[in-house]
Structures are given as structure tokens and as C-alpha cells.
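A structural walkthrough
Spelled out from the first residue to the last, the chains are:
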Amino acid sequence: MEIRQHQKISVIGAARSGVAVAQLLQRQGAEVFVSDSAPAEKLEKECSYLTAASIPFETGSHSERVYECSLLVISPGVPSDAPVVKEALRRKIPIVSELEVASWFCKAPIIAITGSNGKTTTTTLIGKILTDAQKKNIVAGNIGTAFSSVVQSVDEDTIVVLEVSSFQLDFIQTFKPHISVLLNITQDHMDRYEHSMEKYAASKARIFENQCGDDVLIYNQDDEWTMRVVGTAQCRAIPFSTEKSLENGAILEDGIMKTVVDGVKKEIVPISEIGIKGMHNVYNAMASTLACQFVGVDFETIRSTLVSFKGVEHRLEFVREVNGVKYYNDSKATNVDSVWYALQAFNEPIVLLLGGRDKGNDYSRLIPLVRQNVKAIVAIGESAEKVEKAFLGTTVIKRAESMEEAISVAKFLALPGDIVLLSPACASFDWFQNYEHRGNVFKELVQKL
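Read on for an overview of the structure.

The subject of this paragraph is the packing of helix H5 (residues 119-132) against helix H10 (residues 279-293). Two numbers describe a pair of packed helices, the interaxial angle and the distance between the axes. Running from N to C, H5 and H10 point in directions that differ by 45°, and their axes come no closer than 9 Å. Relative to H10, the element H5 lies oblique. Pair H5 / H10 crosses with right-handed handedness. Residue-level contacts link Thr121, Thr122, Leu125, Ile126, Ile129 and Leu130 of H5 to Asn281, Asn284, Ala285, Ala287, Ser288, Ala291 and Cys292 of H10. Looking at the contact of H5 with H10 residue by residue, the class counts come to eight nonpolar, five polar and no charged.

For the pair H5 and helix H11 (residues 299-308), the least separation of the axes is 9 Å and the interaxial angle reads 130°. In terms of axis orientation, H5 runs oblique to H11. Crossing hand, H5 versus H11: right-handed. Note on element contacts: H11 touches H5 through Thr301, Ile302, Thr305 and Leu306, opposite Leu125, Lys128, Ile129 and Asp132. Its residues assigned to classes, the contact of H5 with H11 shows four nonpolar, two polar and two charged.

Before going further, it helps to spend a moment on the nonpolar core. Within the largest apolar cluster, 56 residues are counted, with the highest numbers of intra-cluster contacts made by Leu25, Val73, Val101, Phe147, Leu162 and Phe175. Top contributing element to this core by residue count: helix H1 (residues 16-27), with five residues. Excluding anything up to four places from it in sequence, Phe175 contacts Leu99, Glu100, Ser103, Ile110, Ala112, Leu162, Val164, Leu169 and Asn210. Core analysis: the second largest hydrophobic core is formed by 36 residues, Ala250, Val261, Ile276 and Val297 among them.

Right, let's talk about the side chain of Glu46 for a bit. Relative to the assigned elements, Glu46 resides in helix H2 (residues 44-52). Among buried Asp, Glu, Lys and Arg side chains, Glu46 stands out as unpaired, with Lys45 the closest opposite charge at 5.3 Å. Among all residues touching Glu46, those that are not within four sequence positions of it are Ala14, Ala15 and Val19.

It is possible for side chains of opposite charge to pair when their charged atoms get near one another. Counted under the stated rule, the structure contains 23 salt bridges. Between Glu87 and Arg91 there is a salt bridge; the shortest N-O distance is 2.7 Å. Salt bridges here are not isolated pairs; linked through shared partners, they connect Glu64, Glu87, Arg90 and Arg91.

Put simply, the second largest pocket is a space of about 540 Å³. Along the wall of the second largest pocket there are 32 residues; nearest its centre are Tyr283, Asp337, Trp340, Tyr341 and Arg365. The set of elements that each furnish at least two residues to the lining of the second largest pocket consists of helix H9 (224-229), H10 and helix H12 (336-344). The dominant element in the lining of the second largest pocket, judged by the number of residues it contributes, is H12, at six residues.

Before going further, it helps to spend a moment on the pairing of strand E6 (residues 110-114). For E6, a buried count of five out of five residues is recorded, marking the element as mostly surrounded by other parts of the structure. Burial along E6 is two-sided: Ile110, Ala112 and Thr114 facing one way and Ile111 and Ile113 facing the other are all buried. Sheet topology places E6 next to strand E8 (residues 159-163); four bridges connect them, and they run parallel. By the bridge assignment, Ile113 is partnered in E8 with Glu163. By the bridge criterion, four bridges tie E6 to strand E9 (residues 179-182) in an arrangement that is parallel. The residue bridging Ala112 from the neighbouring strand is Ser180, located in E9.

Attention now moves to the sheet that holds strand E3 (residues 57-59). Spatially, E3-E2-E1-E4-E5 is the arrangement adopted by the five strands of the open sheet, whose pairing is parallel. The open sheet has two edge strands, E3 and strand E5 (95-97), and neither has a second partner. Direction aside, the axes of adjacent strands within the sheet are offset by 20° on average. Of the pairings in the sheet, the one linking strand E2 (residues 31-36) to E3 comprises three bridges and is parallel in character. If you follow Asp36 over to E3, its bridge partner there is Thr59. Against the sheet, helix H3 (residues 83-90) contacts strand E1 (8-12), strand E4 (71-74) and E5, and its axis sits at roughly 135° relative to E5.

Strands sit in the order E15-E16-E20-E17-E18-E19 across an open sheet of six strands; the sheet is mixed. Each having just a single partner strand, strand E15 (317-322) and strand E19 (396-399) make up the two edges of the open sheet. Pairs of neighbouring strands in the sheet enclose a mean axial angle of 20°, with direction left out of account. Bridge count between E15 and strand E16 (residues 325-329): five bridges; the pairing is antiparallel.

Analysis parameters
- All chains use their own residue numbering, which begins from 1 and follows the written sequence.
- Only residues with pLDDT of at least 70 get local features here, since the model is predicted, and only at 80 or more are side-chain atom pairs given and counted; chain-wide, interface and lining totals rely on the full set of residues.
- Where side-chain values are given, they derive from all heavy atoms of the structure, hydrogens and water being excluded.
- With axes taken as lines fitted to C-alpha atoms, and helix axes fitted only over the stretch in contact, angles between N-to-C directions fall between 0 and 180 degrees.
- Numbering goes from the N terminus for both helices and strands, where a helix is a DSSP run of H or I of at least four residues and a strand is a run of E of at least two.
- With respect to orientation, any angle under 35 degrees is reported as roughly parallel, any angle over 145 as roughly antiparallel, any angle of 65 to 115 as roughly perpendicular, and every other angle as oblique.
- By convention the crossing between two helices is left-handed if the near helix lies anticlockwise of the far one by an angle smaller than a right angle, and right-handed if it lies clockwise.
- Whether two residues are in contact is decided by their heavy atoms: any pair within 4.5 Å suffices.
- Residue polarity is assigned by list, with Asp, Glu, Lys and Arg as charged and Ala, Val, Leu, Ile, Met, Phe, Trp, Tyr, Cys and Pro as nonpolar; anything else, Gly included, falls into the polar class.
- Only buried residues count toward a nonpolar core, which is a set of Ala, Val, Leu, Ile, Met, Phe, Trp, Tyr and Cys residues joined through side-chain atoms within 4.5 Å.
- Only protein chains enter the accessibility calculation, which uses a 1.4 Å probe. A residue is then buried if its area is under 20% of the maximum for its type, exposed if over 50%, and partly exposed in between.
- We count Lys and Arg on the positive side and Asp and Glu on the negative side, and we leave His and both chain ends out.
- Every case where a carboxyl oxygen of Asp or Glu lies within 4 Å of a side-chain nitrogen of Lys or Arg is listed as a salt bridge.
- Any residue with an atom within 4 Å of a point lines the site, the site being either a cavity, points on a 1 Å grid over the protein atoms alone where a 1.4 Å probe fits but cannot get out, or a pocket, an open set with protein on both sides within 12 Å along at least 5 of 7 lines.
- Grid points are joined across faces, edges and corners, and a volume is the space filled by probe spheres set on the points.
- Note: two strands are recorded as paired if DSSP finds a minimum of 2 bridges between them.

In C-alpha cells, the structure reads:
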């Protein structure tokens with residue numbers, strides 16, 4: 001889409017993505033206004049960037065000026081049911097996401113990754129494989145670097161690897177990756193999608209809605225909700241599975257990950273040698289392998305990176321061992337399914353730190369694993385009472401009023417040979433700025449033990 005000179009555009013949300021897209025639109029000649037409902041003291045850094053760029057903004061609420069525009073751009077942190085969004089829709093003002101806007105200016109092919117779990121690991125892994133293969137690439141999106149902040153620095157010879165959330169996909173129009181990856185669709189963000197898995201799955205499926213012809217969709221054959229939506233794809237669809245034998249895609253045979261593409265079968269790596277542990281990471285490795293195959297990376301480089309890659313920060317990250325107890329930071333586990341995978345990654349007894357800002361979680365799926373392997377739960381954050389009720393009678397449950405108290409309680413409960421695992425299943429915004437802040441505080445406190 002072309003931006004007209006002096007076109008009035010409002011940006012809702014002044015966090016990382018909002019500031020980046022405002023600056024991008026200003027460079028295209030638009031008259032940009034940024035509005036954020038958070039108070040100014042929470043946005044000091046962001047406000048300083050906007051002031052330096054001479055971009056007008058407001059904080060604390062959304063005024064009438066927001067609607068004096070021909071286009072509204074929303075940051076991924078803004079709920080699609082927020083009053084400001086509903087009012088803009090009522091006034092028939094076109095709304096797009098920051099992801100959509102950035103894609104208008106992208107000359108490079110895009111690999112876009114979404115899913116309820118594994119997005120960051122897969123996005124990072126694909127970027128690492130491409131770097132090891134000496135292919136120019138930029139990793140951005142929901143992973144922490146706003147697409148808008150880097151899009152003008154890429155050329156046709158660069159591959160853009162994007163982590164994409166459902167919130168970013170909610171307001172796309174023409175966004176069209178060359179390769180899309182749909183890892184899984186499991187219950188998450190139910191508070192944002194009216195407790196409807198159908199609405200949430202439809203949002204995830206938008207990643208491939210504009211793909212066609214030679215574009216590629218890589219998807220999880222073993223995931224129920226993914227299989228419900230991929231039938232609408234109008235591009236080449238390539239599955240991966242640890243459970244089924246496929247004529248095309250990535251498979252697991254005799255403990256070895258293999259790919260079959262255009263009738264050619266290749267052994268990639270024994271899964272025991274993959275650097276990131278757990279069956280969920282076998283899926284991530286399969287998706288990454290297929291994506292990199294389709295952009296011409298050789299098998300030896302793929303195999304080498306899969307073996308050497310040790311994962312991402314805040315995702316089952318080993319912190320340290322104290323008195324025979326190992327502490328792991330899994331702060332990025334912001335939904336129940338992430339915790340389900342995390343609990344299966346260990347055979348040792350676990351003291352689990354669980355809770356935060358609840359997103360409509362149903363904890364019942366965790367109960368069999370908790371009975372089997374969790375010796376105690378330390379309930380934290382706003383959802384502590386809900387956590388206590390959900391697991392009553394399954395294991396020992398203690399409540400903590402701070403992260404410091406939670407670690408102290410966990411240290412008391414854990415014996416040599418046990419695991420203390422922060423895997424909260426919730427958002428962090430009750431006690432912390434984001435999951436990174438939560439994970440860093442956890443690590444700092446563990447280092448002081």
C-alpha cells in the first residue's frame with residue numbers, strides 16, 4: 001500500500017512496535033499521531049524517542065484526536081476488543097497491525113512463524129541455521145525487534161525471519177510470507193478471543209491466507225487444531241510429524257529425524273543429538289529444517305546447527321545448581337500447554353512456581369503430570385488462588401507473595417536431586433513488565449542463593 005504525503009495516521013500503543021511503526025510512517029511522509037492509555041511515567045523511554053522524532057503523542061487515555069485519521073495502526077499489545085479499537089471500527093476507520101504496515105515496505109522474502117508454543121525457539125533456530133549457512137538474514141517480529149525498525153535496511157538478498165503472534169495477524173490485509181510455519185494451536189489468550197478456540201485458531205490461520213502458488217506452508221500434522229484450519233491453504237502445504245509416516249515433509253523413523261521432499265528422503269539427525277531437549281523441540285527442529293531446506297540450506301549445515309544450538313533465554317533455561325538442586329527459568333511459558341511440555345522435559349521431582357496474570361487458563365490438562373512428577377507447587381501472582389483451587393489434593397501447594405518469597409519457599413521444599421522450575425502458565429504483567437523481566441528477576445535471585 002502506498003502512503004500519501006501528509007496522510008493522517010494514528011498509532012495506538014507506544015511500546016517498541018508502536019514507536020517503530022510511527023517512525024517508519026513518518027519517513028514515508030505521513031502525519032503520525034501516537035496514543036497510549038498507559039501513564040507517561042511508564043513510557044519515559046518511548047516518549048523520549050517520539051519527542052526526538054517530533055512525532056506528537058498522548059498518554060493516559062485516548063482522545064478524540066485518535067479518530068482524526070484515514071488509517072489506524074495498532075501495536076500487538078492492544079487488545080482487538082479494546083474500546084478505542086471498537087470505536088474506530090464503528091466509525092469505519094481502516095485498522096491494520098504494525099506487522100501489516102512493515103510488510104508494505106519489505107523487498108525481501110519472508111519466513112513467518114506462528115503457533116501457541118515454540119515460536120521464539122523456532123524463529124531463533126531458523127535464524128541461526130541461515131547465519132551458519134552464511135545466508136543474509138534478519139530475525140524480527142514478536143521476538144523483540146519490531147519489524148518496522150529493520151524493514152528498510154533489508155534488500156532482496158536478505159531473508160526476513162519473523163516471529164508472528166495471533167494479535168499481529170488479527171489486523172493484516174495483504175501480509176504474505178513466502179514460507180509460513182504453523183507449529184501448533186493450543187489454548188491460549190482465551191481472554192482475548194472470547195473463550196473461543198475457533199476464533200483463536202482462525203486468527204492463527206491468517207498467516208497463510210494470502211499465500212498462493214509457489215509459497216510454502218509448513219505445518220504440524222499431529223496437532224488437532226492446526227489440522228482443522230490448514231485445509232483452506234491455497235499454497236504448497238508441507239507437514240511434519242513424529243507420529244505418522246508421510247510421503248512429503250519431516251518424519252521420525254527409528255529415532256532419526258528425516259525429510260522427504262519431492263520424493264527425496266534425507267536423514268538429518270538422530271533426535272538424541274539435537275541440542276534442545278524434549279519432544280516439543282523435535283517439532284521445532286523439524287519445522288526449522290523444512291523452512292531452511294526450502295531456501296536452499298545444505299543438510300550438513302542444518303544438522304550441525306541442530307546439534308550445537310542450545311535454545312533461547314527464558315525457555316527451559318538452566319540457571320545454576322545449589323546444594324544438589326537445579327534451578328530452571330521457563331518464564332516464557334505463558335500458557336498451560338508450554339508448562340505441559342516443560343514438565344515432560346524432566347524425570348526428577350519438580351518444585352513448580354506457577355501463576356501470574358491468568359489468561360483464561362484451564363489447568364486440568366496439567367493434573368496427571370503434576371500428580372506424577374511435581375512434589376510441590378508454589379502459587380504466585382494474581383492467579384495464586386485459582387492455582388491453589390485447580391490443584392487442591394494433587395500435591396503440596398504453598399503460596400508466595402513475591403518472587404523472592406517463592407524462591408525461598410521452593411528452596412525449603414526442594415531436596416538434592418530435585419528441580420525448581422519457574423514455568424508460570426500466565427502473563428507476567430501483575431508483578432513484572434514482561435516475561436523477560438520476570439525471568440531475569442528469578443535468575444538474579446537464584447544467583448544470590
